Amino acid sequence: MRQAMPTASPSRVKRHVAVAAALLIGIPGVAVSLTGPAAAQPLESHCGNETGNKSVQGFISHEELRRSLQQIEQSSNGHVSVDVAGYSNQGREIWSARVGEGDTVVMVQSQIHGNEMHGTAALLDALRTLGNNSKRSEEIRKAVTIVAVPKLNPDGGELVTRQNARSWSDVVADFPQLASARTAWNYNTRLGGFDVNRDFNPNLDYVPQAGDFPGNSASTGWYITPEAQAARDVYRALEQEFGTVHVFADLHNQAACYTGVGMDDFTTLSISGRFITNPAQHGNWPKFNYDASRRVNVAVYDALQSGNSPQSKVTLYPQNTNLPGTALGSFALRGSATILFETRGQTQSWGQKQHGMLTKQVEDGLFGIIDSITDGTLNNIDPERYELIPERMNVPRS
Ligand SMILES: [Zn+2]
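Predicted model, so just to flag it, every value in this text is computed and none were measured. (Residues numbered from 1 in each chain as written. Predicted model: local features only at pLDDT ≥ 70, side-chain atom pairs only at ≥ 80, totals over all residues.)

A separate point is the confidence of the model for the chain. On average, residues of the chain score 89 in pLDDT, and 86% of them are at 70 or above. For the stretch residues 1-38, pLDDT sits under 50, and the model shows 37 contacts to residues farther than four places along the chain or on other chains. (pLDDT = per-residue confidence, 0-100. Contact = placed C-beta atoms within 7 Å.)

As structure tokens, this is what we get:
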């Protein structure tokens, strides 16, 4: 059964009918337009889990990232500075880029999962804008400090895997006290790598102990991967500088074919500020501020509502998520307003389809946060509006 169709504008209904008719009579070339930014995709249509073997071309490689960051830094008139925040398990640089001098700090990271690539492209575009000489960028730089960590997991990026490229024996070599420990639950023995986004702990000084392994999704992580350590080190330095890391955003991708409650289309982005069911389970974290997270999510949602644009197809990621070992969960406990971006489609299942639109959507969403800090409206947002964002759901099959 389908959900009842929400009210749709006449032009939108017409477009659905036209596309459906074209599919029925098989006009060559028309199906291509389904993936373009302008066309809506009826839920009855074939969503498509194939990429035409172009899954990675067009995404940003580690070397391209190096060149782009150098170029952005050089052309920014000193506004953007790029540093090496750490090194991946295979020795690739993990860069951070900083722009702005404002008292409010926003940390954004991308590609902690190597096969989730739109966030990295969006961060480069955002850095180019933030470093330019426009009046708007100048105002932002006065109000906000933005620190981006594009491609936190460069090894996974090159291998096009979710995991990093670290073995359990690499971990034991670095932490000999774990020789007798059971292998961490987030280690993929088949592929040989960790889900880095389960390696975080709200205690930034946590030292791994054998008794804490193998752990599970409802408990905290350990900082046993160099990628999580790099993110922690950037976060800790900002916390020491600003007192609190005010906003932390983590840019991901999800499966391509979800919809939302009451939607007649596929969702292009799911967002969330909820990663911790009960903060008291993890110790005393008095700065945990769920309403601040909800406000940041609403700021992003509002920025992406623009008529029938595909960018308006934003949904709320499942809210029964309890993942204290994620970067979002751990940093939320420390008091950051947190937001997860789950952009449509992972590299193997979606490739570059809708690449430009999806990248722009992430960038526009980030500017929803940055602009609302700059003009002072973020704190006036009613956090309860978060509950009105349509929930993500599977496409109903009749
Ligand atoms: Zn992810």
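Moving on from the model shown.
Formed by 89 residues in total, the largest nonpolar core has its most connected members in V106, M107, L127, V234, I271, V300 and I369. Beyond its immediate sequence surroundings of up to four residues, V234 is in contact with A85, S96, M107, V147 and V149. (Core = buried A, V, L, I, M, F, W, Y, C linked by C-beta atoms within 7 Å. Buried ≥ 20, exposed ≤ 12 C-beta atoms within 10 Å, placed from the backbone.)

The next thing to look at is the environment of T104. You can see T104 is positioned in strand 3 (residues 104-110). Measuring from C-alpha to C-alpha, the distance between T104 and T244 comes to 8.9 Å, with 140 residues separating the pair along the chain. Excluding its chain neighbours within four sequence positions, the residues that come into contact with T104 are A143, V144, H246 and I373. (Helix = DSSP H or I, 4+ residues; strand = E, 2+ residues; numbered from the N terminus.)

Running from N to C, helix 3 (residues 62-74) and helix 4 (residues 118-130) point in directions that differ by 15°, and their axes come no closer than 10 Å. Considered as vectors, helix 3 and helix 4 are oriented roughly parallel to each other. Helix-helix and strand crossings are classified by hand; for helix 3 and helix 4 the assignment is left-handed. Contact with helix 3, carried on its side by L65, S68 and I72, involves T120, L124, L127 and R128 of helix 4 and no other residues of that element. Taken together, the residues of the contact of helix 3 with helix 4 break down into 4 nonpolar, 2 polar and 1 charged. (Axes fitted to C-alpha atoms, helices over the stretch in contact; angles between N-to-C directions. Parallel < 35°, antiparallel > 145°, perpendicular 65-115°, else oblique. Left-handed = near helix turned anticlockwise from the far one by under 90°. Nonpolar A, V, L, I, M, F, W, Y, C, P; charged D, E, K, R; others polar.)

On to the packing of helix 9 (residues 290-303) against helix 12 (residues 355-374). The N-to-C vectors of helix 9 and helix 12 enclose an angle of 120°; their axes lie 8 Å apart at closest approach. Judged by the angle between their axes, helix 9 and helix 12 are oblique. In this structure, helix 9 meets helix 12 at a crossing whose hand is right-handed. For the pair helix 9 and helix 12, contact is made by V296, A299, V300, D302 and A303 and by D364, G365, F367, G368, I369 and S372, respectively. When grouped by side-chain class, the residues that make up the contact of helix 9 with helix 12 number 6 nonpolar, 3 polar and 2 charged.

Attention shifts here to the sheet that holds strand 3. Spatially, the 8 strands line up as an open sheet ordered 1-2-4-3-7-11-9-10, and their pairing is mixed. Looking at strand neighbours, the two that pair on one side only are strand 1 (80-87) and strand 10 (314-316), the edges of this open sheet. When strand polarity is set aside, the average angle formed by the axes of neighbouring strands in this sheet is 20°. Packing of helix 12 onto the sheet brings it into contact with strand 3, strand 4 (144-149), strand 7 (247-254), strand 9 (269-272) and strand 11 (337-344), and relative to strand 11 it is tilted by some 160°. (Pairing = 2+ DSSP bridges.)

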